[in-house]
Amino acid sequence: MNTSASNASGMGERAAILALWLMISVSLYLVFMWVPNEREMGAVQRIFYFHVGSAFATYSAIAVSLVASLIYLGTKSRKADAVNEAAAEVALVFCSLTLLTGMIWARPIWNTWFRGEPRLVSFLVLWMILFSMNLLRRFGERERIASQCAVLSIVSALTVPVVVFSIRLLPQVAQLHPQVVENRGLRDPRFVTAFWFVNAAVLGLQAYLIWIRTRIGMLERTLGVR
Amino acid sequence: MSRFFPLVRAYGRLEFREREISALYVFFVLLLSVFFSLALSGAYLEAEIRRKIFPSLLWISAFVSGAVALGRSFEADLAHRALDALRLSRVPLGEVFLAKLFINWLEVAAGLVLSFISLVVLLDVTIPGGELKLLLTALLASISFSALATLLSAVSIFSRIRHILLPVILLPLVVPLLFAAVELTTQVVVDKNFDIDSPWVYLLLLLDVVYVSLGAWLFPHAIGE
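What counts as what
- Residues numbered from 1 in each chain as written.
- Chains lettered and ligands numbered in written order.
- Predicted model: local features only at pLDDT ≥ 70, side-chain atom pairs only at ≥ 80, totals over all residues.
- Heavy atoms only, no water.
- Helix = DSSP H or I, 4+ residues; strand = E, 2+ residues; numbered from the N terminus.
- Buried < 20%, exposed > 50% of the residue type's maximum accessible area, 1.4 Å probe, protein only.
- Contact = heavy atoms within 4.5 Å.
- Areas by Shrake-Rupley, 256 points an atom, 1.4 Å probe, with all protein chains shown as cover.
- Salt bridge = Lys/Arg side-chain N within 4 Å of Asp/Glu carboxyl O.
- Buried area = accessible area lost by both parts, 1.4 Å probe.
- Polar contact = N/O pair within 3.5 Å; in protein donor to acceptor, adjacent residues only side chain to side chain.
- Axes fitted to C-alpha atoms, helices over the stretch in contact; angles between N-to-C directions.
- Parallel < 35°, antiparallel > 145°, perpendicular 65-115°, else oblique.
- Left-handed = near helix turned anticlockwise from the far one by under 90°.
- Nonpolar A, V, L, I, M, F, W, Y, C, P; charged D, E, K, R; others polar.

### Describing the overall build of chain A
Along the backbone of chain A there are six helices and zero strands. Starting at the N terminus and ending at the C terminus, chain A contains elements arranged as α-α-α-α-α-α. Across the 226 residues in chain A, those meeting the buried criterion constitute 47%. Sequence separation of at least 24 residues holds for 79% of the intrachain contacts in chain A that already meet a minimum separation of 6. Summed over all atoms, the accessible surface of chain A reaches about 11,500 Å², with 68% contributed by carbon and sulfur.

As structure tokens, then:
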């Protein structure tokens, strides 16, 4: 065993965890202490930073799942399957967070927990797709589970943009969701700084969670538990 | 595609032998339609409102009953180890998928026609013409649905909870189909302004091509080649 290489990777891992911890701490400071209250929505607007970050993390995890699935089907690599499993779980977590933070935001602003509105509906459908992916992982047939989950991940990932596109075509659905990023609504530079920093921290957290879960998955496979 | 027609004949004969199960599927479709009409009877809805909700009820009935019925697509193949035999023979598994897709599509189409007739009768809905447009919508939506259901049936068939697993993994993915089918049917039945150039028509065409191609490509992996 190469002791110096394992020491180096251990130090690298600790450095990455420390950096992530610092980013998250700074993000919390920026959101709760540094940015001013939004003029119209007040303090509840602060949830926006975590809400958008979670949405980006969801899409990013789905993309990781798609790539891992394609690699698995081509190479039958156990690691690719472990990454697919991890990415599907992490995507479900962040999709749940996006829905929850959106509902917490919507209640005081729209006076309702949920509206039939494009982004909300598309994330609800996305949540159902991700839940079904994880369900298959739990209840699928053990010998073929890796291939079958890869198949469902590919079909699901390719259906996600179709879901988003088709919901925007619906004529009766009013566009209520704030178009902050598209309409360049973040005028104060402090909002912009906090927005991108928190997004980076959340994406870093997502990557770390996928990495940790992949390691657990590989251990399970090595021990024959999966 | 030389083995496509013999496979279709073989699967067709298999379905005919199990026609009592197909009869149960027919009864389930009728049962759903009766449930919808009974649930709405107490609301005393006006004719115009019944016509507006007819497209939604039609496609919910078609997709839910299809998801339940197609769960048994590969049961006979599994029971008699026919999938193993096909894998060992040199039949391209993509052709097996297409043959199974064709038979499943016939079943879904039959369920859709039955849903349509029973809901029109039970809800007393007047259809103002546009039969060809309805047929086009039904054709495009049923092909995508059948392709997706056939592929995911192969994924779920090996699970111990396959009968509930297929509807659970299939129905969320069918949402874009549901939107497109309901919108186009509404354009024919309610708005009377069906537009062949509608983005929904192109969406269904795209999904037909994507899901049939994906199915033929991924089917060997789904059955664990």
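The rest of the description comes next.
### Quick notes on the pattern of salt bridges
Opposite charge on two side chains permits them to pair, given that their charged atoms come into close proximity. Within the structure shown, the criterion is met by 14 salt bridges over all chains. A salt bridge links R138(A) to E89(A), with the nearest nitrogen and oxygen atoms 2.9 Å apart. You can see R138(A) sitting in helix α4 (residues 118–139) and its partner E89(A) sitting in helix α3 (residues 78–110), a full 49 residues away along the chain. Its relative accessible area of 18% is what places E89(A) among the buried residues. In this structure, R72(B) engages E107(B) in a salt bridge whose closest nitrogen and oxygen atoms are separated by 3.5 Å. Separated by 35 residues along the polypeptide, R72(B) in the loop between α3 (47–69) and α4 (75–79) and E107(B) in helix α6 (residues 93–123) bring together distant segments of the chain. What makes E107(B) buried here is its relative accessible area of 11%.

### Some words on the interface of chain B and chain A
The interface of chain B with chain A comprises 32 residues on the first partner and 32 residues on the second. A combined buried area of about 2,700 Å² lies between chain B and chain A, and 79% of that area is made up of carbon and sulfur atoms. Summed over the shared surface of chain B and chain A, the result is zero salt bridges. Across the chain B-chain A interface, the total number found is five residue pairs in polar contact (both at pLDDT 80 or more). For the side of chain B that touches chain A, the secondary structure elements donating two or more residues are α7 (131–156), α8 (162–170), α9 (175–191) and α10 (199–222) of chain B.

### A few points about the packing of helix α2 (residues 47–75) of chain A against helix α6 (residues 189–223) of chain A
All names here are of chain A. Running from N to C, α2 and α6 cross one another at 40°; their axes reach a closest spacing of 8 Å. By the criterion of interaxial angle, the relationship of α2 to α6 is oblique. Classified by chirality, the crossing of α6 by α2 is right-handed. Contact residues: α2 offers F48, Y49, F50, V52, G53, S54, F56, A57, S60, A61 and V64, while α6 offers F191, A194, F195, V198, N199, V202, L203, Q206 and I210. For the contact of α2 with α6, the class distribution of residues is 15 nonpolar, five polar and no charged.

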